[in-house]
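# Structural characterization, general
One letter stands for each residue in the lines below.
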Amino acid sequence: QQALVPVALGLRSPKSIAVLPDGSKVYVTDENSDHIGVINNETKTPMAPIAAGGASSGIAVSPDGAYIYVSSTGLGGAGTVKVVRTSDNSLVRSISVGRNPKGLSLTPDGTRIYVACSGSTVSNGSVYMIDNQHPDAGSTEILVSGPPASYGTFITGGTGCAGADLRAAALRHL
């Protein structure tokens, strides 16, 4: 039986969590600050937070654990995916996506990132695809009918993504 070990990160509204494949670090997003919390999982102690440059929501880890990808919303809802190198927790790239990005997921081989963006109160959301082999090319919008439900987004194989709109209980292949 294991005892719970509380770790104070100072986050105001933790949202998502990801663990590196080797179990060495845990990353926690925070919707009400511009930082990503980091825990050294071996010592169960907080590490220096990572400046995300906006409220962070979704998080995913590359298959090899070398990078984490974090959806972040800046002023006015401007959306980006932050790419963080896990060896030194440094921000290496920021890729523009749609307004108010929420959930994100990588294909099993890590070559593509799909990001669900909820849009704004006057526009529908959408899904964005980032070609991880050519990240400087930016992102490509994939049109869906109605705002995507990021809680139901999952990846199938390496050929694309399937999004589940939980409100309409509809499944469509993108």
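Residues numbered from 1 in each chain as written. Predicted model: local features only at pLDDT ≥ 70, side-chain atom pairs only at ≥ 80, totals over all residues. Heavy atoms only, no water.

Evaluation of the coordinates by the stated rule reveals one salt bridge. Notably, a salt bridge pairs Arg85 with Asp88, separated by 3.2 Å at the nearest N-O pair. We classify Arg85 as partly exposed; its relative accessible area is 31%. (Salt bridge = Lys/Arg side-chain N within 4 Å of Asp/Glu carboxyl O. Buried < 20%, exposed > 50% of the residue type's maximum accessible area, 1.4 Å probe, protein only.)

With 13 residues, the main nonpolar core has Tyr69, Val81, Val97, Leu104, Ile113, Val115 and Ile130 as its most contacted residues. Listing elements by their share of this core, those giving two or more residues are strand 8 (79-85), strand 9 (90-97), strand 10 (101-106), strand 11 (112-117) and strand 12 (126-131). Of the residues forming this core, the biggest block, three residues, is contributed by strand 11. In this structure, Leu20, Tyr27, Ile36 and Ile50 belong to the second largest nonpolar core, which totals 11 residues. (Core = buried A, V, L, I, M, F, W, Y, C linked by side-chain atoms within 4.5 Å. Helix = DSSP H or I, 4+ residues; strand = E, 2+ residues; numbered from the N terminus.)

By the criterion of burial, strand 10 is predominantly enclosed, with five of the six residues buried. Pairing of strand 10 with strand 11 involves four bridges; the strand directions are antiparallel. By the bridge assignment, Leu106 is partnered in strand 11 with Ile113. Taking the residues that link successive antiparallel strands as the turn, the strand 10-strand 11 hairpin has five residues, and the phi of Gly110 there is positive, at about 75°. (Pairing = 2+ DSSP bridges.)

In this section: the sheet that holds strand 12. The four strands are arranged 10-11-12-13 in an open sheet whose pairing can be described as antiparallel. Only two strands of the sheet have a single neighbouring strand rather than two, namely strand 10 and strand 13 (139-142). Going from strand to strand, the sheet's axes swing by 25° on average, the running direction of each strand aside. Examined bridge by bridge, strand 12 and strand 13 share four bridges and lie antiparallel to one another. Among the inter-strand pairings, Tyr128 is bridged to a residue of strand 13, identified as Glu141. (Axes fitted to C-alpha atoms, helices over the stretch in contact; angles between N-to-C directions.)

Bringing the confidence of the model for the chain into the picture now. The share of residues in the chain with pLDDT of 70 or more is 75%, and the mean pLDDT across the chain is 78. Per-residue pLDDT stays below 50 along residues 147-174; that stretch engages in 63 contacts with residues further than four places along the chain or on separate chains. (pLDDT = per-residue confidence, 0-100. Contact = heavy atoms within 4.5 Å.)

Its place among the elements puts Ser56 in strand 6 (residues 55-61). Residue classification places Ser56 among the buried residues on the basis of a relative accessible area of 0%. A distance of 3.0 Å separates a polar atom in the side chain of Ser56 from the backbone nitrogen of Asp30. Beyond its immediate sequence surroundings of up to four residues, Ser56 is in contact with Lys15, Thr29, Asp30, Glu31, Ser33, His35, Ile36, Val70, Ser71 and Ser72. (Polar contact = N/O pair within 3.5 Å; in protein donor to acceptor, adjacent residues only side chain to side chain.)

Strand order in the open sheet formed by four strands is 6-7-8-9, and the pairing between neighbours is antiparallel. Here the strands that pair on one side only, and so sit at the sheet edges, are strand 6 and strand 9. Averaged over all pairs of adjacent strands, the angle between strand axes in this sheet comes to 25°, irrespective of strand direction. Of the pairings in the sheet, the one linking strand 6 to strand 7 (residues 67-73) comprises five bridges and is antiparallel in character. Paired with Ile59 across the strands is Val70, a residue of strand 7.

Time to look at the side chain of Thr86. With respect to the helices, strands and loops of the structure, Thr86 is situated in the loop between strand 8 and strand 9. Using a relative accessible area of 6% as the deciding quantity, one classes Thr86 as buried. Discounting chain neighbours no more than four positions away, the residues touching Thr86 are Leu20, Lys25, Tyr27, Gly65, Ala66, Tyr67 and Ile68.

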